[in-house]
Amino acid sequence: MTVTLPLSSQSEIAADVAVDLSRARQPQYGRYLDELEPGQVFEHPRGFTFTASNMLDFARTYMQSNPLYLNTPYARAHGFADLLASPQMVFNVTLSLGVQNDSEKAIANLGYYQVQFLKPVYPGDTLRSFTKVLERKDRGPDKPGITRIRTVAINQDDAVVLQYERKIFVGWRGDRLPTTPAPEVSTAFPGEASPVLQLPLQEAPGTAGLTGPNTYFDDFAPGDIIVHANGRSITEEHMALTYMVGNSHPLHFDREFSSSLSGKMSGEPIVYGGLVFAWLDGLASRDVSEHAVWELGFTEGYHTQPAFAGDTIGALSRVLAVEDVSDAPGYGVVTMQLIGVKNIRAAAALETYGEDLFIKEDSKRAIGKDKITDKIFEIERRLLIKRRPR
């Protein structure tokens, strides 16, 4: 159908239309605790088309060193159809697409669990995101509660690309304005109960010079601690970067909103935690994931302290386990712990706090230890990494 609409000069009419204050409305997005019902499903708006340009911009902004996300011939030489979107970009876009429906009223994100990357994302792919409410924990009518949700991203072919769970801390609506109803869901909630990863991997002779010599699977052993040399100072750039991945929570870019809050969340906009995670991943990448061919996933991820513009963050990794892959002798799986700190060098944090740096913050009270205020993030991740060529 073609719409034909003749255009004429536009007349000014605002002064001739009476102002009726009774017709003012204030649309609200996200959901309060009492608006999140177990079993409820949201189909998130807009979607996101990946391009080589925004994929490369993301990889460079977050300091990725893995050539799969930077070098198209390298990615193709390893069996992929094209340049790969970094897992951090896929994760951040998927989470952010859901904020308008599931967490724009959240007080805090409490954790990431069982994050699984199932399909490559290439230039031209478009992701859509869905969320299902799994559980709601009510702590009383005057206290915020905890909601557990499951989010799934699918591509333009309806193939599941990413799935994960997270917990959000959110208050009751009380006498505040109700939120805008979500549209009806147009399809069944997607997801894979027993996912199987299939990668088109192949040997890539002639690419060894594009990566360092000491980040193959063979170079990691349980117990290794890698202190990543560089830090990353965060500026007010974070506000624009938040919306570049589509996150609409005003806590991250609206100073009037953030200043109106009470407690430690009050004041300057808080850096969206997904960006902090992406920078920490990038700071670690040249030391641990340069030869990774796939991020299998991560779990038990917690932002233990907020970050603000002006903070400098640093990263450490600890190897937890290494595993052979029976039907892929050229690769192995490495499980690592990624730790983030702020306003202290990573080496100084290790010297100051020692093994306490690697203990989950929420576990410390039970064992009589103090939480570390310099520590901002903790997560466990699993990587599929190439073995050193023979």
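Numbers given to residues run from 1 along each chain, matching the order in which its sequence is written. Local features in this predicted model are restricted to residues whose pLDDT is 70 or higher, and side-chain atom pairs enter the listing and the counts only when it is 80 or higher, whereas totals over whole chains, interfaces and linings include all residues. The side-chain quantities take in all heavy atoms of the structure and omit both hydrogens and water.

S.K.: What should I look at first to understand the nonpolar core in this one?
M.R.: Generally speaking, nonpolar side chains in soluble globular proteins are found buried as a group. In terms of nonpolar packing, the biggest core is built from 70 residues, with F50, V90, F91 and L162 touching the most fellow members. Every helix listed is a DSSP run of H or I at least four residues long, and every strand listed is a run of E at least two residues long, numbered separately from the N terminus. Among the elements that make up this core, the one with the highest residue count is helix α6 (residues 273-288) (nine residues). Whether two residues are in contact is decided by their heavy atoms: any pair within 4.5 Å suffices. Contact partners of L162, with chain neighbours within four places excluded, come to V90, F91, T94, V115, Q116, F117, T151, V152 and A153. Nine residue types can take part in a nonpolar core, namely buried Ala, Val, Leu, Ile, Met, Phe, Trp, Tyr and Cys, and a core is a set of them joined through side-chain atoms within 4.5 Å. Exposed residues in this analysis have more than 50% of their type's maximum accessible area, buried residues have under 20%, and partly exposed residues fall in between, with area computed by a 1.4 Å probe over protein chains only.

S.K.: It is not clear to me how a nonpolar patch on the surface should be interpreted in this structure. Could you clarify?
M.R.: The patches described consist of residues with a relative accessible area above 30% and no salt bridge, like charges being joined within 9 Å and nonpolar side chains (Val, Leu, Ile, Met, Phe, Trp, Tyr) within 5 Å. The accessible surface values rely on the Shrake-Rupley method and a 1.4 Å probe; as for residues, cover is taken only from the protein chains in view. Salt-bridge detection follows one rule: a side-chain nitrogen of Lys or Arg within 4 Å of a carboxyl oxygen of Asp or Glu. The grouping of M1, V3, L5 and L7 at the surface amounts to a nonpolar patch, some 610 Å² of accessible area in total. Position of L7 relative to the elements: it lies in the segment before β1 (41-43). You can call L7 exposed: its relative accessible area is 78%.

S.K.: Explanation requested: the side chain of E35 in the structure shown.
M.R.: In this structure, E35 sits in the segment before β1. Relative accessible area serves as the criterion here: at 17%, E35 is assigned to the buried category. Not counting residues up to four positions away in its chain, the partners in contact with E35 are G30, Q40, R173, P178 and T179.

S.K.: I tried to follow the packing of helix α3 (residues 87-102) against α6 on my own but got confused; where do I start?
M.R.: One way to put it is that α3 packs onto α6 with a least axis distance of 10 Å and a crossing angle of 175°. Relative to α6, the element α3 is oriented roughly antiparallel. For the pair α3 and α6, the contacting residues are Q88, F91 and N92 in the first and G274, L275, F277, A278 and D281 in the second. An axis is simply a line fitted to the C-alpha atoms; with a helix, the fit covers only the stretch in contact. Between two such axes, the angle follows the N-to-C directions and lies from 0 to 180 degrees. For classification, angles of less than 35 degrees are called roughly parallel, those exceeding 145 degrees roughly antiparallel, those between 65 and 115 degrees roughly perpendicular, and all remaining angles oblique.

S.K.: What is the right way to read the pattern of salt bridges from this model?
M.R.: Pairing of side chains with opposite charge becomes possible as their charged atoms draw close. Throughout the structure, instances matching the rule amount to 25 salt bridges. Among the salt bridges present, the one from E37 reaches R136, with a minimum N-O distance of 3.6 Å. With E37 in the segment before β1 and R136 in strand β4 (residues 126-137), the pair connects residues that are 99 residues apart, well separated along the chain. E37 sits in the partly exposed class, given a relative accessible area of 39%. A relative accessible area of 28% means that R136 is categorised as partly exposed. Residues R387 and D324 are paired through a salt bridge, measuring 2.4 Å at the closest nitrogen-oxygen approach. Here R387 is found in the segment after β12 (375-386), whereas its partner D324 is found in strand β10 (residues 312-324), with 63 residues between them in sequence. You can call R387 partly exposed: its relative accessible area is 22%. By relative accessible area, D324 is classed as exposed at 60%.

Just geometry here; none of it tells us what the structure is for.
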